[in-house]
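Structural characterization, general
Each chain, written out:
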Amino acid sequence: MAESEAADLVIILITGPENPKRLPSAFFLASTAAAMEQNVIMYFTGPATELLKKGTAENIHPLEGGNSIADFMKLAEDNGVKVIGCQQSLDLNGMTADDLAKSLPLLTPSQALPALGEAGRVLTW
């Protein structure tokens, strides 16, 4: 889908490392929608931005011996989910773009809101 098209689904991910068993569902929903050729954005804000830090998602396993949150994130991205980080939340968590596992768009809420608000559906997780 073209970058200028409004998202069909936005998941505003607020949950972070503090609740690992809650996280997989957000990625499953995003992955499924994207696999169904929907334009999907996941906006990581609040504690969720910690999941973007190098080594963090790889070390969180909702089930002992199971897949890591990094695996769920990769599944979503492999299906075409666009991941965006919240710049202000990085600041609040004492992080910079250099701390991230990979380069990705970083937007303040005021920068992100217009695009997020145009989405067909918005879920907060």
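The present account deals with the structure reproduced in this document.

**Looking at the overall build of the chain**
When you go through the chain residue by residue, the secondary structure sums to four helices and five strands. Going residue by residue from the N terminus, the α and β elements of the chain occur as β-α-β-α-β-α-β-α-β. Computed over its C-alpha atoms, the radius of gyration of the chain comes to 14 Å, within 12% of the 14 Å expected for a compact globule of 125 residues. Considering only C-alpha atoms, the chain reaches an extent of 40 × 30 × 20 Å along its principal axes. A total of about 6600 Å² of accessible surface is found on the chain, and carbon and sulfur atoms cover 53% of it. Averaging the coordinates of the 8 positive side-chain charges in the chain and doing the same for the 15 negative ones gives two points 4 Å apart.

**Some words on the pattern of salt bridges**
Going through the model one piece at a time under the given rule, you end up with two salt bridges. A salt bridge links Lys102 to Glu77; the shortest N-O distance between them is 2.4 Å. Placement of Lys102 in the loop between helix H3 (87–92) and strand E4 (106–107) and of Glu77 in helix H2 (residues 69–78) is noted, with a sequence separation of 25 residues between them. For Lys102, a relative accessible area of 42% gives the class partly exposed.

**Brief notes about the packing of helix H1 (residues 23–35) against H2**
At a closest axis distance of 8 Å, the pairing of H1 and H2 adopts a crossing angle of 15°. Relative to H2, the element H1 is oriented roughly parallel. H1 and H2 meet at a crossing whose hand is left-handed. For the pair H1 and H2, contact is made by Leu23, Pro24, Phe27, Phe28 and Ser31 and by Ile69, Phe72, Met73, Leu75 and Ala76, respectively. A class-by-class count of the residues in the contact of H1 with H2 yields nine nonpolar, one polar and no charged.

**A word on the environment of Glu58**
Residue position: Glu58 is located in the loop between strand E2 (40–44) and H2. The spatial distance from the C-alpha of Glu58 to the C-alpha of Asp71 is 7.5 Å, given a sequence separation of 13 residues. Setting aside residues up to four positions removed in sequence, Glu58 forms contacts with Ser68 and Ala70.

**A closer look at the pairing of strand E3 (residues 82–86)**
In terms of burial, E3 is largely enclosed, as four of its five residues are buried. Looking at chain direction, E2 and E3 are connected through four bridges and run parallel. Residue pairing in the sheet places Ile41 in a bridge with Lys82 of E3. Between the parallel elements E2 and E3, the chain passes through H2 in a crossover that is right-handed. Here E3 runs beside E4; their pairing, made up of two bridges, is parallel. In the strand pairing of E4, Cys86 is matched with Leu107. For the handedness criterion, the β-α-β arrangement of E3, H3 and E4 is classed as right-handed.

The rules we used
Residues numbered from 1 in each chain as written. Predicted model: local features only at pLDDT ≥ 70, side-chain atom pairs only at ≥ 80, totals over all residues. Heavy atoms only, no water. Helix = DSSP H or I, 4+ residues; strand = E, 2+ residues; numbered from the N terminus. Rg over C-alpha atoms; globule rule 2.2 N^0.38 Å. Areas by Shrake-Rupley, 256 points an atom, 1.4 Å probe, with all protein chains shown as cover. Lys, Arg positive; Asp, Glu negative; His and termini not counted. Charge placed at Lys NZ, Arg CZ, Asp CG, Glu CD. Salt bridge = Lys/Arg side-chain N within 4 Å of Asp/Glu carboxyl O. Buried < 20%, exposed > 50% of the residue type's maximum accessible area, 1.4 Å probe, protein only. Axes fitted to C-alpha atoms, helices over the stretch in contact; angles between N-to-C directions. Parallel < 35°, antiparallel > 145°, perpendicular 65-115°, else oblique. Left-handed = near helix turned anticlockwise from the far one by under 90°. Contact = heavy atoms within 4.5 Å. Nonpolar A, V, L, I, M, F, W, Y, C, P; charged D, E, K, R; others polar. Pairing = 2+ DSSP bridges. Right-handed = clockwise from strand over helix to strand, strands pointing away.

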